[in-house]
Amino acid sequence: ILSNHAPLAQEFLKRGCPRCLRGKIWSQVLGSQIRQADVQLTASNDDQYFVFEDILYQVMLCFSRDTEILSVFNHSASNPVHAILKNKSAIVENTVIFPPSGIIPFHGFTMYAMPFCYMYENPIALYYTFRAFYLRYWFRLHEVSSHEQGILSLCLLFERLLQRYEPELWFHFKQVNIQPVRVVFKWLMRGFSGHLPPEQLLYLWDMILAYDSLEVLPILALAILSFRRDNLLQVETLQNVESVLADLSSVAVISLIQSALLRE
């Protein structure tokens, strides 16, 4: 940590990070630094994770108004939404980006921020690290693009891995008319947030930072299906498949990913 050298920190994360160091290590890898800022924090209710409802609202409020988020569109396949100022004519001078960040939150967007609440007591430190994580990774999970780290490429990678390493499971899904990617899409799109226990989720995000790649997500998805293979082969409907995979509380992220990476 004292060396403040990101590659060394990434190697450290590959084995999973102790709770007491995670906040510092993540900030170091992401290059997120707290700068002087006028952060207006307010309180409201959130329908998920009531323990963190206030801090999550504060983070989302800051995020929606942060114009530095617009930098994501420099390497994004999408464009921000523009709106006309109220009671003004529809000309360029009266056109603004709305919300100011350019990102329209959708249902479940807070899932990208929620795990950071376990890492930081300081809401400003939490915000800067969450923002850096979003700008590097999360925006790719909810836009359509051909980027190798985009959600479409991650889905394709999952299907290719399943077909190669779990052909029996692949053919079973095909026989019962289940699209394999439908089974895991909700995991991939949310980076497993809300599906894994918090401690295991943070280990997973350690690995994303360690390898600087979202490809860790489909690798874990495959590993989980392999782990539950016998039960999955016994069911023939999507609903029953989801029931088999509903409880991920017993998943050990580090060991599953390491085993998957060691496959020939």
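In this text the structure is predicted, and so the values were computed from the model without any measurement. (Residues numbered from 1 in each chain as written. Predicted model: local features only at pLDDT ≥ 70, side-chain atom pairs only at ≥ 80, totals over all residues. Heavy atoms only, no water.)

### Some words on the pattern of salt bridges
Charged atoms that come close allow side chains of opposite charge to pair. Operational definition: Take a side-chain nitrogen of Lys or Arg and a carboxyl oxygen of Asp or Glu: if they are within 4 Å of each other, that pair is a salt bridge. Each helix is a run of H or I in the DSSP string that is no shorter than four residues. Each strand is a run of E no shorter than two, and both are numbered from the N terminus. Under the scheme applied here, a residue whose accessible area is under 20% of the maximum for its type counts as buried, over 50% as exposed, and between as partly exposed, the area being computed with a 1.4 Å probe on protein chains only.
Throughout the structure, instances matching the rule amount to 7 salt bridges. Close ionic contact of Arg 131 with Glu 68 constitutes a salt bridge, the shortest N to O distance being 3.4 Å. Linking Arg 131 in helix H4 (residues 123–136) with Glu 68 in the loop between helix H3 (53–65) and strand E1 (82–84), this pair joins segments that are 63 residues apart in sequence. Since its relative accessible area comes to 43%, Glu 68 is described here as partly exposed. In this structure, Arg 136 and Asp 212 form a salt bridge, with 3.8 Å as the shortest nitrogen-oxygen distance. With a gap of 76 residues between them, Arg 136 in helix H4 and Asp 212 in the loop between helix H8 (198–211) and helix H9 (216–227) connect regions that are remote in the sequence. Connected via shared salt-bridge partners are Asp 66, Glu 68 and Arg 131.

### Description of unusual backbone geometry
One non-glycine residue, Asn 177, lies in the positive phi region at around 60°. Phi at Asp 212 is positive, roughly 50°, even though this residue is not glycine.

### Some words on the packing of H9 against helix H12 (residues 253–261)
Heads up, the condition is: Convention adopted: a line fitted to C-alpha atoms gives each axis, helices being fitted over their contacting stretch, and angles between N-to-C directions are expressed from 0 to 180 degrees. To sort the angles, those under 35 degrees are grouped as roughly parallel, those over 145 as roughly antiparallel, those from 65 to 115 as roughly perpendicular, and the leftovers as oblique. Contacts are assigned to residue pairs that have any heavy atoms within 4.5 Å of one another. Any residue that is not Ala, Val, Leu, Ile, Met, Phe, Trp, Tyr, Cys, Pro, Asp, Glu, Lys or Arg is counted as polar, Gly included; the first ten are nonpolar and the last four charged.
Their axes nearest at 9 Å, the elements H9 and H12 cross at an angle of 95°. Classified by the angle their axes make, H9 and H12 are roughly perpendicular. Where H9 approaches H12, its residues Val 216, Ile 219, Leu 220, Ala 223, Ile 224 and Phe 227 are matched on the opposing element by Val 253, Leu 256, Ile 257, Ala 260 and Leu 261. Residues of the contact of H9 with H12, tallied by class, amount to 11 nonpolar, no polar and no charged.

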